[in-house]
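# Residue-level structure breakdown
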Amino acid sequence: MAGTAAVVAIGIATGTASAQAQAPGPAGTAAGTTVTNTAQASYSVNGVQQSATSNAVNFVVDRKVNLTVTANQPANTPVSIGQTAAVTTFKVTNNTNGTQDFLLSPTQLPIQNLFAGDNFDVENIKIFVDSNGNGTYDAGVDTATYINELGADQSAIVFIVADIPNNQANVLAGVTLIVQVAAGGDAAAQGLPLAVSVGANNDTVVDVVFADNDLGRSRSRRRAQRTGPRVARL
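### Side note on the overall build of the protein chain
Regarding its fold elements, the protein chain presents 0 helices and 15 strands. Per-residue burial over the protein chain gives 42% buried out of 234 residues. If you take every contact in the protein chain between residues at least 6 apart in sequence, the share linking residues at least 24 apart comes to 80%. Here the protein chain displays about 11900 Å² of accessible surface, and carbon together with sulfur accounts for 50% of that area.

If you want it as structure tokens, here you go:
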């Protein structure tokens, strides 16, 4: 399976998982970092220089959630009739300013105007995360089904693995990877999907904020989610 390296942005969201302070990178200052603001004024009265300093005001940096899903191969994956465990590969990047889990699911529903000619569905479809960083699916080694504790500005490789039906009429199959941002902070458990913060802003609380840079194509669905479609051509 594989296809044109097309990405369909579905939406974004955030979560309340805390993150340790870190140097700002492309994702921004780490969520939960305390920022202190003071104001200082200098002036003169009758020629005498004066100055005044305000009280310190603190706030914590909110969680700005974003992600990128791209194809991690240059072209369609050729497959054979009746082939088992055909693999297509994706790259998921955490553009959030904190460590997050990422939930993964596949769909074979056609995506309008993305590509033409989809005429069959793959079978026994599964998703696995690259565990050793070699970029190649290793059966029995790559067993994780969600991305665990991915740091800000870090990426993970994801494999969709499926069987090809034994039908000579098969020509093209479209497979889409759906990625949803979840809470991080617990290396031993899968985090829950993140939800946007509602209500009045609280400077002492890490709010969840959607931050999609691809506004021209995105549709917010109040959840951190993106899709990366690939197709299988025989």
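### Thoughts on the nonpolar core
Within the largest apolar cluster, 27 residues are counted, with the highest numbers of intra-cluster contacts made by F102, L104, I147, L177 and V179. The set of elements that each furnish at least two residues to this core consists of β6 (67-71), β8 (86-94), β9 (100-107), β10 (123-129), β11 (146-150), β12 (155-163) and β13 (172-182). With 5 residues, β13 is the largest single contributor of residues to this core. Apart from the residues within four sequence positions on either side, I147 is in contact with V92, Q100, D101, F102, L104, V129, A156 and V158.

### Looking at the packing of aromatic side chains
Enumeration over the complete set of coordinates arrives at 2 aromatic pairs. Seen in terms of ring centroids, F128 and Y137 are 5.6 Å apart; in terms of plane orientation they differ by 20 degrees. Their pairing is stacked. Relative accessible area serves as the criterion here: at 15%, F128 is assigned to the buried category.

### Here we look at the environment of T176
Along the chain, T176 falls in strand β13. Relative accessible area serves as the criterion here: at 4%, T176 is assigned to the buried category. In this structure, the C-alpha to C-alpha distance between T176 and P110, residues 66 residues apart in sequence, is 8.7 Å.

### Notes on the sheet that holds β10
On the basis of which strands lie adjacent, the open sheet formed by 4 strands has the order β6-β8-β12-β10 and antiparallel pairing. Both edges of this open sheet fall to β6 and β10, since each of them pairs with a single strand only. Sheet twist, expressed as the mean angle between neighbouring strand axes with direction ignored, is 25 degrees.

### Digging into the pairing of strand β3 (residues 48-53)
One ladder, built from 6 bridges, connects strand β2 (residues 40-45) with β3; its direction is antiparallel. Opposite A41, over in β3, you have A52 as the bridge partner. Counted between consecutive antiparallel strands, the loop separating β2 from β3 contains 2 residues, among which N46 sits at a positive phi close to 55 degrees.

### Considerations on unusual backbone geometry
Most peptide bonds adopt trans geometry, and most residues besides glycine take a negative phi value. Its identity is not glycine, yet E149 carries a phi of approximately 55 degrees, on the positive side. Mapped onto the secondary structure, E149 falls in strand β11.

### A few points about the confidence of the model for the protein chain
Here the protein chain averages 79 in pLDDT, while 78% of its residues score no lower than 70. β11 holds the highest mean pLDDT among the elements of the protein chain, 98, whereas strand β15 (residues 225-233) holds the lowest, 51. A low-confidence stretch, residues 1-24 stays under pLDDT 50, and its non-local contacts, those more than four residues away or across chains, total 112 contacts. Considering only residues more than four positions removed or in separate chains, one finds that residues 214-224, a stretch of pLDDT under 50, has 32 contacts.

### Details of the side chain of D101
With respect to the helices and strands, the residue D101 is situated in strand β9. A distance of 2.8 Å separates a polar side-chain atom of D101 from the backbone nitrogen of G191. When near neighbours in sequence (up to four residues on either side) are disregarded, D101 contacts Y146, I147, N148, E149, Q180, V181, A182, A183, G184, A189, Q190 and G191.

### Overview of the environment of L150
As for its placement among the helices and strands, L150 is situated in strand β11. Among the residues examined, L150 registers a relative accessible area of 8% and is labelled buried. Each C-alpha atom of the pair L150 and N94 lies 6.8 Å from the other, and the pair is 56 residues apart in sequence. When near neighbours in sequence (up to four residues on either side) are disregarded, L150 contacts V92, N94, G98, T99, Q100, F102, S155 and A156.

Conventions we followed
Residues numbered from 1 in each chain as written. Predicted model: local features only at pLDDT ≥ 70, side-chain atom pairs only at ≥ 80, totals over all residues. Heavy atoms only, no water. Helix = DSSP H or I, 4+ residues; strand = E, 2+ residues; numbered from the N terminus. Buried < 20%, exposed > 50% of the residue type's maximum accessible area, 1.4 Å probe, protein only. Contact = heavy atoms within 4.5 Å. Areas by Shrake-Rupley, 256 points an atom, 1.4 Å probe, with all protein chains shown as cover. Core = buried A, V, L, I, M, F, W, Y, C linked by side-chain atoms within 4.5 Å. Phe/Tyr/Trp six-rings, centres within 6.5 Å; stacked < 30°, edge-to-face > 60°. Pairing = 2+ DSSP bridges. Axes fitted to C-alpha atoms, helices over the stretch in contact; angles between N-to-C directions. pLDDT = per-residue confidence, 0-100. Polar contact = N/O pair within 3.5 Å; in protein donor to acceptor, adjacent residues only side chain to side chain.

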